[in-house]
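Structural features, examined
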Amino acid sequence: MAKVDRRILKSQESMKKAVIELMTEKNFDDITIQDIADRANINRGTIYLHYQDKFDLLDKLIAAHINELSEMGDWACKLDWSNALVPFFEYFEKNYLFFSTMLASKGAPSFRNRLIDFVMIGFKEEIDKESGRNTDLNEDVMLQYAGTAYVGVIEWWIRNGMPYSPKVMAKQVGALLDRSL
């Protein structure tokens, strides 16, 4: 894999940061490429070297976070719920500006749905099918319930200034998921 020039990475990071910062101030539809360029302290043309438009920039930013969460999920499945969720809550905490903006933004409502879909895919393999406690439950309903609840708890935690540590949240949510899946 070819190493990407640090200047390119720096430009891309400044553009991503700029769009998120701007989304905290105004609706995504009202943000222009010039706004992003000004905030990132780059030329408009530089944005077009990397992205087709502001929608492409936002989509790639979202995809990068979902991919990172997905990579974490690959090894987390081998742990019990509480231990598996700690790195996720730490990631949400570390990327507070992104998640607080995306979950609160009216300009990116599809993000919440993408996050729920991602979570439901991960939970699908975790449904207890051996003990018999879920035999009367529909898998789709279980996944929708657990995925929506999990994302809802993340939203609540972020909107309320993360009143509990990632470890406490992982333990609490892990216990709830263990009961429902």
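Shown above is the structure to which this text applies.
Treat the numbers as computed from the prediction; the structure is a model and nothing was measured.

Another point: the overall build of the protein chain. A tally of regular secondary structure across the protein chain gives nine helices and zero strands. Listing every helix and strand of the protein chain by position from the N terminus yields α-α-α-α-α-α-α-α-α. Considering only C-alpha atoms, the protein chain reaches an extent of 60 × 40 × 30 Å along its principal axes. Relative to its 181 residues, the protein chain shows a buried fraction of 40%. For the protein chain, the share of sequence-separated contacts (at least 6 apart) that also reach a separation of at least 24 residues comes to 65%. Surface accessibility of the protein chain: about 10800 Å² in total, with carbon and sulfur atoms responsible for 51%. Averaging the locations of the 23 positively and 27 negatively charged side chains of the protein chain gives two centres separated by 6 Å.

Time to look at the nonpolar core. In terms of nonpolar packing, the biggest core is built from 53 residues, with Phe 89, Phe 92 and Tyr 150 touching the most fellow members. For this core, the secondary structure elements donating two or more residues are helix H1 (6-25), helix H2 (33-40), helix H4 (54-76), helix H5 (81-94), helix H6 (96-104), helix H7 (109-124), helix H8 (139-159) and helix H9 (166-180). The leading source of residues in this core is H8, at eight residues. With sequence-adjacent residues up to four places away left out, Phe 92 is seen in contact with Leu 69, Phe 99, Tyr 150, Ile 154, Trp 157 and Ile 158.

It is worth spelling out the packing of H1 against H6 at this point. Where H1 contacts H6, the axes come no closer than 10 Å and their chain directions differ by 45°. Taken together, the axes of H1 and H6 lie oblique to each other. You can see that H1 and H6 cross each other, and the crossing is left-handed. Facing Ile 20, Glu 21, Met 23 and Thr 24 of H1, the residues of H6 in contact are Leu 97, Phe 98, Thr 101 and Met 102. Taken together, the residues of the contact of H1 with H6 break down into five nonpolar, two polar and one charged.

Mapping Asp 56 onto the fold places it in helix H4. Residues within four places of Asp 56 in sequence aside, it is in contact with His 50 and Tyr 51.

A few words now on the side chain of Thr 101. Tracing the sequence through the fold places Thr 101 in helix H6. Judged by its relative accessible area of 4%, Thr 101 falls in the buried class. Not counting residues up to four positions away in its chain, the partners in contact with Thr 101 are Ile 20, Met 23, Thr 24 and Tyr 96.

This next bit is on H5. Compared with the 20 Å implied by 1.5 Å per residue over 14 residues, the 20 Å span of H5 between its first and last C-alpha is a close match. Among the residues of H5, Trp 81, Ala 84, Leu 85, Val 86, Pro 87, Phe 88, Phe 89, Tyr 91 and Phe 92 are the ones counted as buried.

This part covers H9. Given a rise of 1.5 Å per residue, 15 residues ought to cover 21 Å, and the 21 Å separating the end C-alpha atoms of H9 matches this to within 8%. Within H9, the full set of buried residues consists of Pro 166, Met 169, Ala 170, Val 173, Gly 174 and Leu 177. Viewed along the axis of H9, the buried residues span an arc of 125°, placing them on a single side of the element. Opposite its buried face, H9 presents the exposed residues Lys 171, Gln 172 and Arg 179, each directed more than 90 degrees away.

Another point: the environment of Glu 93. Within the fold, Glu 93 resides in helix H5. Glu 93 sits 36 residues away from Lys 129 along the chain, and the two C-alpha atoms are 33 Å apart. Filtering out sequence-adjacent residues up to four positions away, Glu 93 remains in contact with Trp 157, Met 162 and Pro 166.

Once that is clear, we can look at a nonpolar patch on the surface. On the surface, Trp 156, Tyr 164 and Val 168 cluster together into a nonpolar patch covering about 290 Å² of accessible area. Along the chain, Trp 156 turns up in helix H8.

Basis of the calculations
Residues numbered from 1 in each chain as written. Predicted model: local features only at pLDDT ≥ 70, side-chain atom pairs only at ≥ 80, totals over all residues. Heavy atoms only, no water. Helix = DSSP H or I, 4+ residues; strand = E, 2+ residues; numbered from the N terminus. Buried < 20%, exposed > 50% of the residue type's maximum accessible area, 1.4 Å probe, protein only. Contact = heavy atoms within 4.5 Å. Areas by Shrake-Rupley, 256 points an atom, 1.4 Å probe, with all protein chains shown as cover. Lys, Arg positive; Asp, Glu negative; His and termini not counted. Charge placed at Lys NZ, Arg CZ, Asp CG, Glu CD. Core = buried A, V, L, I, M, F, W, Y, C linked by side-chain atoms within 4.5 Å. Axes fitted to C-alpha atoms, helices over the stretch in contact; angles between N-to-C directions. Parallel < 35°, antiparallel > 145°, perpendicular 65-115°, else oblique. Left-handed = near helix turned anticlockwise from the far one by under 90°. Nonpolar A, V, L, I, M, F, W, Y, C, P; charged D, E, K, R; others polar. Expected span 1.5 Å × (residues − 1). Arc of directions from axis to C-beta. Patch = residues over 30% accessible without salt bridge, like charges linked within 9 Å, V, L, I, M, F, W, Y side chains within 5 Å. Salt bridge = Lys/Arg side-chain N within 4 Å of Asp/Glu carboxyl O.

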